[in-house]
Amino acid sequence: MRYGFVIDHTCCIGCHACSVACKEENQVPLGVYRTWVKYIERGTFPNTRRYFSVLRCNHCDNAPCVTICPTVALFRRSDGIVDFDGTRCIGCKSCMQACPYDALYIDPATQTAAKCHYCAHRVEVGLEPACVIVCPVQAIVAGDLDDPASRIARLVATEQVQVRKPEQGTRPKVFYLGADAAALTPQALERGESYLFAQTGTDRGAPKPAPPDTSTLKDLQTLARTVYDVDHVERPWGWKVATYLWTKAVAAGALLLPALGVAAGWSEGGLLAGVVAPFLALVFLALTTGLLIFDLKRPDRFHFILLKPNWQSWLVWGAWILIAFGAVTGLWLVGGLAVHARLLRVLAWPAILLAVAAAGYSAFLFGQAEGRDFWQSPLLLWHLLVGAVLAGAASLILAGLALGSGAAVIGLLKKVLAAALAAEALVLFAELFGSHPNQDVARAADLLTRGGLSGPFCGGVVLAGIGLPMLLLLGGTPSLVVASLLALAGHWLYELLWVRAGQSIPLS
Ligand code: SF4
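The structure reproduced in this document is the subject of the present report.

The rules behind the values
- Throughout, a residue's number is its position along its own chain's written sequence, starting from 1.
- Local features in this predicted model are restricted to residues whose pLDDT is 70 or higher, and side-chain atom pairs enter the listing and the counts only when it is 80 or higher, whereas totals over whole chains, interfaces and linings include all residues.
- The basis for every side-chain value is the complete set of non-hydrogen atoms in the structure, without hydrogens or water.
- A helix here means a DSSP run of H or I that spans at least four residues, while a strand means a run of E at least two residues long, and both kinds are numbered starting from the N terminus.
- Throughout, the radius of gyration refers to the C-alpha atoms, and the reference size of a globule is 2.2 Å times the residue count to the power 0.38.
- The classification of residues rests on relative accessible area computed with a 1.4 Å probe and restricted to protein chains. Under 20% of the type maximum is buried, over 50% is exposed, and intermediate values are partly exposed.
- The criterion used for residue contact is that any of the two residues' heavy atoms lie within 4.5 Å.
- Methods summary: accessible areas were calculated by the Shrake-Rupley approach with a probe of 1.4 Å, and residue burial reflects only the protein chains presented.
- Positive charge is attributed to Lys and Arg, negative charge to Asp and Glu, and no charge count is given to His or to the chain ends.
- Charged side chains are reduced to one point each, which is NZ for Lys, CZ for Arg, CG for Asp and CD for Glu.
- Salt bridges are counted wherever a side-chain nitrogen of Lys or Arg sits within 4 Å of a carboxyl oxygen of Asp or Glu.
- Stacked, tilted and edge-to-face are the three classes applied to pairs of Phe, Tyr and Trp rings, where Trp contributes its six-membered ring and a pair requires centres within 6.5 Å; stacked means planes under 30 degrees apart, edge-to-face means over 60, and tilted covers the rest.
- Each polar contact in these results corresponds to two N or O atoms within 3.5 Å; when the atoms are within protein, one needs to be able to donate a hydrogen and the other to accept it, and residues that are neighboring in sequence are counted only if both atoms are side-chain atoms.
- Strands are labelled as partners when DSSP assigns at least two bridges between them.

### Here we look at the overall build of the protein chain
The helix and strand inventory of the protein chain stands at 16 helices and 12 strands. By the compact-globule yardstick of 23 Å for 508 residues, the protein chain fits well, its C-alpha radius of gyration being 26 Å. In terms of its C-alpha atoms, the protein chain occupies a principal-axis envelope of roughly 80 × 50 × 35 Å. Here the protein chain holds 508 residues, and the buried ones make up 56% of them. Considering only intrachain contacts with a sequence separation of at least 6, the fraction spanning at least 24 residues in the protein chain is 73%. Carbon and sulfur atoms make up 64% of the accessible area of the protein chain, which totals about 21000 Å². Counting 40 positive and 36 negative side-chain charges, the protein chain places the centres of these two groups 4 Å from one another.

Put into structure tokens, the structure is as follows:
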């Protein structure tokens, strides 16, 4: 059994009865929506035409929200409905990043994620979803797609239906009949400053991506514009997630470099490598954990990640990797304090592997955020690993200078920092100027290189965060301090803008 919807836009009159019935049936608070009606217009007055599209969760057969949810709060039922259990939700917002259709919101009353659940409570007692029974023109058809005798199965089999973003591979089960293709394709829509009756969006100060390039959307003929829509959360993840990437890079890099030194036989530990480096790693690991918890809408439930885990989610794997990394770092600190060179040699390879895992697992987590095409870059793992080496080298230089470490150690760290800065420049160049798999990725990259974020990106990241530190590395101790600080600040800004750019492309 696979429940789905057909929404027939050959007869939809855009009356919003479905949205209102859904609100009433499911007690959906003001300002958030489980289903909504979007209006778009094409053409120039007087030759214009308006189209409606009814948008909601697609109850995907291959639902990325279910995969990423760390606590199985989202799950696919045996009847094909993608349902949610608010009592398990920790409010991490990862489902909002994974869903390519903008179907989820945070309920302001419970601070947990919610979405259309096909009125499962009605379906279970033999009733149809509220939106179906209220529609005055029977434009919404619900039923079992696996039953060839059902009306919905016959419509899907015999009519030219479309789904939203089929290229995402989510196998959506909401089929559109007679909808204008642009109404289902946010890349084809221009978003102005105002709608029919109101200003657009809550995030009015946000930089807008460049308008779509219609030359690559020839099948949609002409650019259409959205003239009526609901408000959407523009960026579920903000500075806390970007800063978590940065603090995690410092923690991983601060242990990775001394561990590599010990594994290579260049170091026996000592005050910097054996004590200060693991101490720094533990402090930044604690900050990382704090930021992760602080970013949850339900921080009181953070332990659900460990106690109610979804082993498909990289959020869960990430939590365990960070715990293991913390344990090895703690042991390293014990070995350093006890001046136990043999223990450090034993720990070196586990420390290297766990530092790499701690720095890099976010590449797989962001990869599960399938709604954000910009984050699907195969270079992301390198971006994170290079960032860890850069942040580790810069922070160890500052610590080493403060401790009065020898010139040989500082000189080696300086070379590592120079190499990491060069590698960061290469990765950044390849990420932004390499070939992009689709227009959304190109628009997000443009936002950094030529659009609304280009000022802080070019000035703060490229010049002040990479170029200037590289020059300052040629100078003496004071310029080395400034170079390290600028490299750390530049890398934080890079993460902030990168997280922001990925969320700047509208999903619906
Ligand atoms: Fe619904 Fe989005 Fe999850 Fe698909 S990915 S089942 S549309 S919430």
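Okay, back to it.
### Some points on the side chain of His16
Summarising the element assignment, His16 is placed in the loop between strand S1 (3–8) and helix H1 (17–26). Setting aside chain neighbours within four positions, we find His16 in contact with Val37, Tyr39 and Tyr228.

### Description of the pattern of salt bridges
Within this structure, the stated rule accounts for 16 salt bridges. Among the ionic pairs, Asp295 bridges to Lys93, the shortest N-O distance being 3.3 Å. Pair noted here: Asp295 is in helix H8 (residues 270–295) and Lys93 is in the loop between strand S5 (82–84) and helix H3 (94–98), with a separation of 202 residues, a long-range link. Each member of the pair Asp295 and Lys93 is classed as buried.

### Here's the deal with the packing of aromatic side chains
Using the criterion set out here, one finds 15 aromatic pairs in the structure. A ring pair is formed by Trp311 and Trp317, whose centres lie 5.4 Å apart and whose planes are at 65°; its orientation type is edge-to-face. We classify Trp311 as partly exposed; its relative accessible area is 45%. Plain terms: the ring middles of Phe366 and Trp498 are 5.4 Å apart, the flat faces sit at 55° to each other, and that makes the pair tilted.

### Overview of the environment of Thr247
Residue placement: Thr247 occurs in helix H7 (residues 239–263). Residue class for Thr247 comes out buried when judged on its relative accessible area of 3%. With 122 residues separating them along the chain, Thr247 and Ala369 place their C-alpha atoms 21 Å apart. Side-chain polar atoms of Thr247 contact the side chain of Thr288, separated by 2.9 Å.

### With respect to the side chain of Ser94
Assignment of secondary structure puts Ser94 in helix H3. What makes Ser94 buried here is its relative accessible area of 1%. Setting aside its immediate chain neighbours within four residues, Ser94 contacts Ile68, Pro70, Trp237 and Leu315.

### Things to note about the pairing of S1
For a regular strand, side chains alternate in direction, first toward one face of the sheet and then toward the other. Burial analysis of S1 places 6 of its 6 residues in the buried class, the great majority of the element. Residue alternation in S1 divides its side chains into two sets, Tyr3, Phe5 and Ile7 and Gly4, Val6 and Asp8, and both sets are buried. Looking at chain direction, S1 and strand S8 (residues 140–144) are connected through 5 bridges and run antiparallel. Across the sheet, Val6 pairs through a bridge with Val141, a residue of S8. Across 4 bridges, the pairing between S1 and strand S10 (residues 174–177) is parallel.

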